[in-house]
Each structure stands twice: as C-alpha cells, then as structure tokens.
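# A structural walkthrough
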Amino acid sequence: GNLDFRITPRQLAVCLEGQAGDVTKVEICSAEAGRRRFAFVEFATVEGAQKALATSGMSIGPRESVISPSRKAVAPKFSVEQLPEDSADPFAKARLESNNRLLLVHRDNDLASMAELFATMPEHDVSSYSIVVKAFVRSGQIERGADYLEQMVDAQKVPDASLVAWLLRQLSENPDPASERLVSTLSRSGFSHDIKRLNSEVRVIDGLDAKTRFVELLRKAGVAPDQHLIAKLLNAAAAAGDLTCAERLFAQITDAGLKPDVVACNTMLDCLVRTNAFARCFEVHARMVSDGVSPDATTLTLLVRAGAQLGGLGRMRDLLSAVMLRPMHATRGRAKFFDTAVTAYADGRDLVGVRLCFRLMDRHRLVATGRTALAVIGLRDLPEQRASVESVRSKVLAGDVNAPLSRDDWRELVRLVESD
C-alpha cells in the first residue's frame, strides 16, 4: 500500500524482484477517488513473499511502502509478461534500478556508500533525491540533507507532498538549528502541498510543542494552515489544559480572515471548561451568535456545564428556552446534552429547569438514562409520591443505569416530575 501515483505495475514488479525474488502477477488498484493506491502481487515462491513482507517500510519511489499479506487469494489480471513496457521514458527502468540500489545501501545504513552511489548515477529523479534527503535527515545529519535538497531544487525537481510532509514532521519532532535551511529551501521549491496530508501528519505527531512547531515550520515554508489544522492544535492545547496556547491559536483563525466554525468554537469551549474559565464560555457563545455560527449539541453541553459551575441556572434556562424556538439538528450529542442539563438542574434542586429539559427531550423523542433518572427522583420526596419514586428507582437499579430508560419508564418519570 501507499503507492505513489507515478509508479507503474512494471516498475513495482522490478523493484520487488530486486528485493525478494521473481514476481509472477501484479495489479495496481486505487480507492478513495484515486487518492490511495495499493497493489496485489503474486510471487513465484513462498520464500519470495516472506522476503517481501520483511521489507515493509522501504521506499518505493518517493513513498514508504506498507507490505502485508492478502487476506484473500490474490488474483491479479495481468502476469508480469503481459504488462506493457514503460516506453514513454526509455530511461525510466535504468533510474528505477539505480534507485533500488540506493534503497539497498540505505537499508544497510551506509550513508557514505549511498552518497558515492548517488554521485555516480547518470541521472537523478524526484525519487532518488527523496531517498538520500530522507536518509541523511533520519540519521540526524540535517546539513547534509539540506545540501541534497538544495541540489534537488536547483535541478528543478519539485519535492512532492509526501516528502514535504515527512520533512516537516521530522523537523518538528526533532528540532535542529539546521532545520531553518531546509525549510528555506522548501519555500523556494514551488512544491505543491496536500493540506489533507498535512492535517494527517499533525494528528500523529506527539505533544503540543511538536504540533505547534509543525505549524510554524509550515508557515515558514510558505503554506498557510487552514482552520481544520489549527483546530487540531486547539484540541491538543485543550487536552493539555494550556489555555494561553489555545487562546493564541483561536485568535489566529480570525487573524487569517476566517470565522471560527462550530468545531473550533467547541474546542475552545472545551479548553475553557477544563481550565475552569467558565464565565468566558458565554463570551465565546456570544461571538458564535454574532458570527452566525449555529451551536450544536456539543456547544450546548459545554455551556450547560459552565452554567452549572457558575450557579447560573437561570442563564441555562434562558439558553434552553432559545433552543425550544428552533429545531436541533440530529446529532449523537443530543442525549448527552440533555442528560448533562437535567443532572445540573437536579443537583441545583431546580425543578422548573428539569421540567423544561423533559419537555425538550419529548420534543426531540429522547429519553433519559437511568443515572439521570436517579438524580431527578431525589427531588420528589412528597409522601404521596414515594410509591412512584420507589417504583422508578427499583426498575432503574435492576438494569443498566447508563442505558436509556424504556418508553414506559420514561413516561412514568415524566408524570412524576410534572405532577404538583
């Protein structure tokens, strides 16, 4: 898997034969509208297939391969003999064989021999430059890697998106003074970036500091991060409880001339709740309203938590009343929102708020969980209601308290709450 779109079936067969042995059949497939390419390969011997599995992670072209056994019998359409020749470029096979020799030396971690072999190659393509740049950067020789990257750019070979994303990730996780030179070279290379690929790289980088460095390097390379990329950093800042960093990132969205979307706003609210800055949650909500961003169930859940901590049950009631005036979009977070609101009102012994939540839940065809029901029935301690309270309590405790109530038990709980 993870094949570059320029790799042909014959090139793949030649590459694998050099590593593992004779290849009998090859078929390259694609998925996700052509964004992901993978291949089914059949080897002449079991030993050849086992050798190929052991080479998973090696570079095939500019990308690192992922080689795994097929879960089904492999039935490619073409045998190697039937594959068309790559006649468009008569030197393609020679370059591929040279790149394969580079890969073999790279696997032995012999950088001196790799540099010598690279110098003797009659012609270099993007793949050969990518192999040597990655090899030296991975070994910590950033200056040597920058030398080869400059040669690549001077030869008018444009780094592809996978090499750019890999370099920025390595430099963000392993900061080095020489990284400025690499990034400066990337900025003048005219590389075409894939923002989705860059977003994926941020997701797998560990630590808020490394993620922040990745975005800073991205800006220096001439790429403006989009709102989704900043939102991932916001999420990391929220998880780390770093409110200062989260506020700086949130401000960057506006500085870029964008309006924070509901995901960015929710992430900021989550950070404020985690750091006990409850009053400021409603400032973010006011900004959402002024920007025309419709809050979803996650937004309302976070606001309810903030209001409960502030003791602002009246403000929460106003918020719920506003929700009643418009339909709430179908979302998995609705039930969690209402459970949070009902529990907050029950803890504050605010029966009016509980009734308001129950009416909203009826409107959206939702039922409370057993845990929420136990919090509510504590409000109904009148002598004439004790039999109903005990009936509901015994049914809840007999089942899973985290599961939704049955429709009949829900109706009984509603009658209990609505009764005077």
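Residues numbered from 1 in each chain as written. Predicted model: local features only at pLDDT ≥ 70, side-chain atom pairs only at ≥ 80, totals over all residues. Heavy atoms only, no water.

### A few points about the pattern of salt bridges
Enumeration according to the criterion identifies eleven salt bridges in this entry. Measuring nitrogen to oxygen at the nearest pair gives 2.3 Å for the salt bridge that ties arginine 181 to aspartate 147. With a gap of 34 residues between them, arginine 181 in helix 8 (residues 179–187) and aspartate 147 in helix 6 (residues 142–154) connect regions that are remote in the sequence. Among the residues examined, arginine 181 registers a relative accessible area of 25% and is labelled partly exposed. On the basis of relative accessible area, aspartate 147 is assigned to the partly exposed category, the value being 29%. Between arginine 287 and aspartate 291 there is a salt bridge, and its shortest N-O distance comes to 3.6 Å. Here the residue arginine 287 and the residue aspartate 291 both occupy positions in helix 14 (residues 279–291), the gap between them amounting to four residues, near one helical turn. Classification of aspartate 291 as partly exposed rests on a relative accessible area of 23%. Salt bridges sharing common partners tie together Glu143, Asp147, Glu150 and Arg181. (Salt bridge = Lys/Arg side-chain N within 4 Å of Asp/Glu carboxyl O. Helix = DSSP H or I, 4+ residues; strand = E, 2+ residues; numbered from the N terminus. Buried < 20%, exposed > 50% of the residue type's maximum accessible area, 1.4 Å probe, protein only.)

### Describing the state of the cysteines
Summed over all chains, the structure comprises zero disulfides. The thiol of cysteine 271 is not disulfide-bonded; the next cysteine sulfur, from cysteine 245, is found 8.5 Å away. (Disulfide = S-S within 2.5 Å.)

### Concerning the environment of alanine 146
Among the secondary structure elements, alanine 146 is positioned in helix 6. Assessed through its relative accessible area of 0%, alanine 146 is described here as buried. With 40 residues separating them along the chain, alanine 146 and leucine 186 place their C-alpha atoms 9.6 Å apart. Not counting residues up to four positions away in its chain, the partners in contact with alanine 146 are Arg181 and Leu182. (Contact = heavy atoms within 4.5 Å.)

### Observations concerning helix 12 (residues 243–255)
Helix length check: helix 12 (13 residues) gives 18 Å between terminal C-alpha atoms against 18 Å at 1.5 Å per residue, within 8%. Listed in full, the buried residues belonging to helix 12 are Leu243, Cys245, Ala246, Leu249, Phe250, Gln252 and Ile253. Tucked inside the fold, the buried residues of helix 12 contact helix 10 (208–220), helix 11 (227–240), helix 13 (262–274) and helix 14. Sitting at the amino-terminal end of helix 12 is aspartate 242, which places a side-chain oxygen 3.4 Å from the backbone nitrogen of threonine 244. At the C-terminal side of helix 12, glycine 257 shows a positive phi close to 80°. (Expected span 1.5 Å × (residues − 1). Polar contact = N/O pair within 3.5 Å; in protein donor to acceptor, adjacent residues only side chain to side chain.)

### Focus on the confidence of the model for the protein chain
Mean pLDDT for the protein chain: 76, with 79% of residues reaching 70 or above. Predicted confidence in the protein chain is weakest over strand 5 (residues 78–79), with a mean pLDDT of 51, and strongest over helix 6, with 88. Low pLDDT (under 50) marks residues 86–91, which in the prediction has five contacts with non-local residues, meaning those over four places away or in another chain. (pLDDT = per-residue confidence, 0-100.)

### Thoughts on unusual backbone geometry
Glycine aside, a negative phi is what most residues show, and trans is what most peptide bonds show. Even without a glycine there, the phi angle at glutamine 156 is positive, about 60°. By the element assignment, glutamine 156 lies in the loop between helix 6 and helix 7 (161–173). Its relative accessible area of 72% is what places glutamine 156 among the exposed residues. Although it is not a glycine, asparagine 276 adopts a positive phi angle of roughly 65°. Structurally, asparagine 276 can be placed in the loop between helix 13 and helix 14.

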